[in-house]
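Residue-level listing of the chains:
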Amino acid sequence: MIREVVFDDLDQLLELYLFLHEKKKPEVDANLKEVWKQIIEDKNHHIIVNEVDGKIISSCVCVIIPNLTRNIRPYAFVENVVTHADYRGKGYASACLDYAKKLALSENCYKMMLLTGSKEKSTLDFYQNAGYNCNDKTAFIQWLE
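Residues numbered from 1 in each chain as written. Predicted model: local features only at pLDDT ≥ 70, side-chain atom pairs only at ≥ 80, totals over all residues. Heavy atoms only, no water.

(A) Broad picture of the side chain of Ser-59. In this fold, Ser-59 is placed in strand β3 (residues 55–65). We classify Ser-59 as buried; its relative accessible area is 0%. Within the local environment of Ser-59, its side chain forms a polar contact with the backbone oxygen of Ile-48, the two atoms lying 2.8 Å apart. Once residues within four sequence positions are removed from consideration, Ser-59 is found in contact with Leu-13, Leu-16, Ile-47, Ile-48, Val-49, Asn-80, Val-81, Val-82 and Cys-96. (Helix = DSSP H or I, 4+ residues; strand = E, 2+ residues; numbered from the N terminus. Buried < 20%, exposed > 50% of the residue type's maximum accessible area, 1.4 Å probe, protein only. Polar contact = N/O pair within 3.5 Å; in protein donor to acceptor, adjacent residues only side chain to side chain. Contact = heavy atoms within 4.5 Å.)

(B) Fine view of the side chain of His-84. The topology assignment puts His-84 in the loop between β4 (75–83) and α3 (92–106). Here Asp-86 takes part through its backbone nitrogen, which lies 3.0 Å from a polar atom of the side chain of His-84. Excluding residues within four positions of it along the chain, His-84 makes contact with Leu-16, Phe-19, Lys-55 and Ile-57.

(C) Region of interest: the pattern of salt bridges. All chains considered together, the criterion is met by six salt bridges. Across the salt bridge formed by Lys-121 and Asp-125, the nearest N and O atoms sit 2.7 Å from each other. One end of the pair is Lys-121 and the other is Asp-125, both in helix α4 (residues 121–129) and four residues apart, which spans about a single turn. Within the structure, one salt-bridge network assembled from shared partners comprises Arg-3, Asp-9 and Glu-51. (Salt bridge = Lys/Arg side-chain N within 4 Å of Asp/Glu carboxyl O.)

Have a look at this one:
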């Protein structure tokens, strides 16, 4: 089942993020609780999950960014696309990305952007098959300490 997260999904989402790039679950302290509250309450921040038998097994984030160009149309940024290792290759992440696209279209976004740190051909092929291309823009990243 595809849906957006609810407040009680935090622990399952943090577990899933261990299959992304996290090494351990963060401590659920006041800071994490405040960030989670901000995310849940932000009408432009959408965490999309795919749930099987009550377990969140895939997810992506879609943030709608208001914009003053392109006829004052927003754009969508997709991040943190992840699927539990035991469920990969079954279309769960694709379904999350499809939901994000429908959301972006419903918000009148003029484009969607997605970055990946992966150089794996299978990952790049996955994003191309989902409709993304790596030809239109060049991404630059500056990591902040």
